[in-house]
2 protein chains.
Amino acid sequence: MIPADHPRYASLLAREKMADAVRSGMVVIEGASAHGRGEAFDCLLGERTTPGAARAGKTAAAFLIRAARPVISVNGNTAALAAGEIGALARASGALVEVNLFHRTDERLEKITRHLEEHGVSVLQGTAERLLPLSHDRALCLRGGIYAADVVLVPLEDGDRCAALVAMGKTVITIDLNPLSRTARTATVTIVDELTRALPVITRSCGELSAQEADELIRDHDNTRLLREAMATMKETLTHAVD
Amino acid sequence: MIPADHPRYASLLAREKMADAVRSGMVVIEGASAHGRGEAFDCLLGERTTPGAARAGKTAAAFLIRAARPVISVNGNTAALAAGEIGALARASGALVEVNLFHRTDERLEKITRHLEEHGVSVLQGTAERLLPLSHDRALCLRGGIYAADVVLVPLEDGDRCAALVAMGKTVITIDLNPLSRTARTATVTIVDELTRALPVITRSCGELSAQEADELIRDHDNTRLLREAMATMKETLTHAVD
């Protein structure tokens, strides 16, 4: 449908991938809007992994490999865009994978679980309970998954959920292109990068870091600095845009 | 569905409005992504009409009231978000309204036309011809509408389309929250503002400006300056975000 001579072909193609996921029922329409928000911030990042984001990814790996019970929380957008990358990271880090949805229905849970399994991901099964300090179904998670985790990776997460996990004393790692979002500002480690670029950085670091290097990264971690660096890159983009 | 205690309730509600328009078939899923991109830049603007955007809106009004054949080009997102505001501007400016879609189907054309008419908008009718210098169906427009126009307002327009209209010698006014987009940088007048905030500014100015004031605004217009001002505001937001 998109003419190949369109200068924004790649970006429109990615949007079409999200549209397919909406049509298949994995992603809600609101998820497509959220994806668009990410695209905008990625445009300001120059659509590349900045040095700060690379360091954030290494730090995320450090927390995951030093965790006792790491869990990756996967929503519809994450599954649609990066099922294979989630599987690779789960294997490299030893983290469990739990599907956790903002717009939660049994049908979507099943579709996303099946999609992840088709991409080689072992998905944690069980009966969700209202264990998070949130209203309504957003409180739902698995007792043996997110609830018991000490370190949780929640890519593309809602701000309330992120804050609730932090309030429960967990180390929360997020991947969020918007450095101004509540999620970005509340998480322990914020990787300001596009999902499919960020996940392989974490996976690779899980295999490379020694325990000592990991502990040093954890000790030196400063999330505010990471956010400042991301915002500085975005300001640079805005500065050089009109010549 | 969205809990009223959610701190981003208003923004999520707007996204739900777009989702409704997708479900009703007025907006394509890609349109919901595009809306999300706009939300991100609006967050950087502080979700308000900046002084530069207000001046851009007045300048847009100046071009519209001094035009011989002004036309407003309306797509799905514009109709879904601002049908009433489009009607008011058409009446205030004397511009014709033509529905023009990137993802064009007869069914969407009809739905959007009906929706606009329900909101009091007179929609130009006719058989579209391939009159724009673009490939495929994106070349379609009405001979007595966009093709014959000297001034075209195209809110939320694709970059190729915008460039094609400019290449045809038309004055192109756009409303685009992304000051970096090709549309924003190609148009004659770029209003970097949210659609439902920007349209009433233009409408009001259409009623207030004298011919002389309009001509002065046109003479003094500098679109690069407007874009720089919008980007400066966004940089300010990024500067003050982490304290």
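Break down the sheet that holds strand β7 (residues 189-191) of chain A for me, with residues and values.
Residue and element names in this part refer to chain A. Strand order in this open sheet of five strands is β2-β1-β5-β6-β7, and the pairing throughout is parallel. This sheet does not close on itself; its edge strands, each paired only once, are β2 (96-99) and β7. If you compare each strand with its neighbour and ignore which way they point, the axes differ by 20 degrees on average. Relative to strand β6 (residues 171-175), strand β5 (residues 151-153) is paired through three bridges, and the arrangement is parallel. Bridging from a neighbouring strand, V151 pairs with T171 of β6. Docked against the sheet, helix α4 (residues 76-93) engages β1 (70-74), β2 and β5, running at close to 170 degrees with respect to β1.

Explain the pattern of salt bridges to me, and be specific about the residues and the numbers.
Within the structure shown, the criterion is met by 24 salt bridges over all chains. Between A:R138 and A:D158 there is a salt bridge, and its shortest N-O distance comes to 3.5 Å. Of the two residues, A:R138 is situated in the loop between β3 (129-130) and β4 (140-141) and A:D158 in the loop between β5 and α6 (159-167); the sequence distance between them amounts to 20 residues. Side by side, A:R138 and A:D158 carry an identical accessibility label, which is buried. Ionic pairing is found between B:D42 and B:R197, a salt bridge with its closest N-O pair at 2.7 Å. One end of the pair, B:D42, is in helix α2 (residues 29-45); the other, B:R197, is in helix α8 (residues 195-208), and 155 residues separate them in sequence. Exposure remark for B:D42: the relative accessible area of 7% places this residue in the buried category. One network of salt bridges, in which partners are shared, links A:R138, A:D158, A:D160 and A:R182.

Would you mind going over the nonpolar core in detail, with residue names and values included?
In terms of nonpolar packing, the biggest core is built from 98 residues, with A:I202 and B:I202 touching the most fellow members. Setting aside anything within four residues of it in sequence, one finds A:I202 in contact with A:G57, A:A60, A:A61, A:L64, A:L89, A:I175 and A:I191. Counting residues in each nonpolar core, the second largest holds 28 residues, with A:A40, A:L238, B:L180 and B:L238 among its members.

An account of the packing of helix α4 (residues 76-93) of chain B against α8(B) is requested, with residue identities and associated values reported.
Residues and elements named next belong to chain B. With their axes 9 Å apart at the nearest point, α4 and α8 run at an angle of 5 degrees to one another. In terms of orientation, α4 and α8 fall into the roughly parallel class. Within the contact between the two elements, α4 uses T78, L81, A82, E85, I86, A88, L89, A92 and S93 and α8 uses L195, T196, L199, P200, I202, T203 and C206. Its residues assigned to classes, the contact of α4 with α8 shows eleven nonpolar, four polar and one charged.

Could you give an account of the sheet that holds strand β2 (residues 96-99) of chain B, with specific residues and numbers?
Residue and element names in this part refer to chain B. Pairing is parallel in the open sheet, where five strands are placed in the order β2-β1-β5-β6-β7. Both outer strands of the open sheet, β2 and β7 (189-191), are each paired with one neighbouring strand and no more. Between one strand axis and the next, the sheet turns through 20 degrees on average, direction left out of account. Bridge count for strand β1 (residues 70-74) against strand β5 (residues 151-153) is three bridges, and the pairing is parallel. Paired with I72 across the strands is L153, a residue of β5.

Now, about the interface of chain B and chain A: what can you tell me, with residues and values included?
Many authors give the size of an interface as the accessible area that is lost as the parts come together. The interface is formed by 44 residues belonging to chain B together with 45 residues belonging to chain A. For the pair chain B and chain A, the summed buried area comes to about 4,000 Å², and 67% of that belongs to carbon and sulfur atoms. The partner of B:R37 in a salt bridge is A:E39, with the nearest N and O atoms 3.1 Å apart. Our count for the contact surface shared by chain B and chain A stands at eight residue pairs in polar contact (both at pLDDT 80 or more). Of all the secondary structure elements, the ones that give two or more residues to the side of chain B that touches chain A are α1 (9-24), α2, α7 (182-186) and α10 (223-240) of chain B. Here the side of chain B that touches chain A takes 13 residues from α2(B), the largest share from any one element. Classifying every residue of the side of chain B that touches chain A by side-chain character gives 19 nonpolar, ten polar and 15 charged.

What counts and how
- Residues numbered from 1 in each chain as written.
- Chains lettered and ligands numbered in written order.
- Predicted model: local features only at pLDDT ≥ 70, side-chain atom pairs only at ≥ 80, totals over all residues.
- Heavy atoms only, no water.
- Pairing = 2+ DSSP bridges.
- Helix = DSSP H or I, 4+ residues; strand = E, 2+ residues; numbered from the N terminus.
- Axes fitted to C-alpha atoms, helices over the stretch in contact; angles between N-to-C directions.
- Contact = heavy atoms within 4.5 Å.
- Salt bridge = Lys/Arg side-chain N within 4 Å of Asp/Glu carboxyl O.
- Buried < 20%, exposed > 50% of the residue type's maximum accessible area, 1.4 Å probe, protein only.
- Core = buried A, V, L, I, M, F, W, Y, C linked by side-chain atoms within 4.5 Å.
- Parallel < 35°, antiparallel > 145°, perpendicular 65-115°, else oblique.
- Nonpolar A, V, L, I, M, F, W, Y, C, P; charged D, E, K, R; others polar.
- Buried area = accessible area lost by both parts, 1.4 Å probe.
- Polar contact = N/O pair within 3.5 Å; in protein donor to acceptor, adjacent residues only side chain to side chain.

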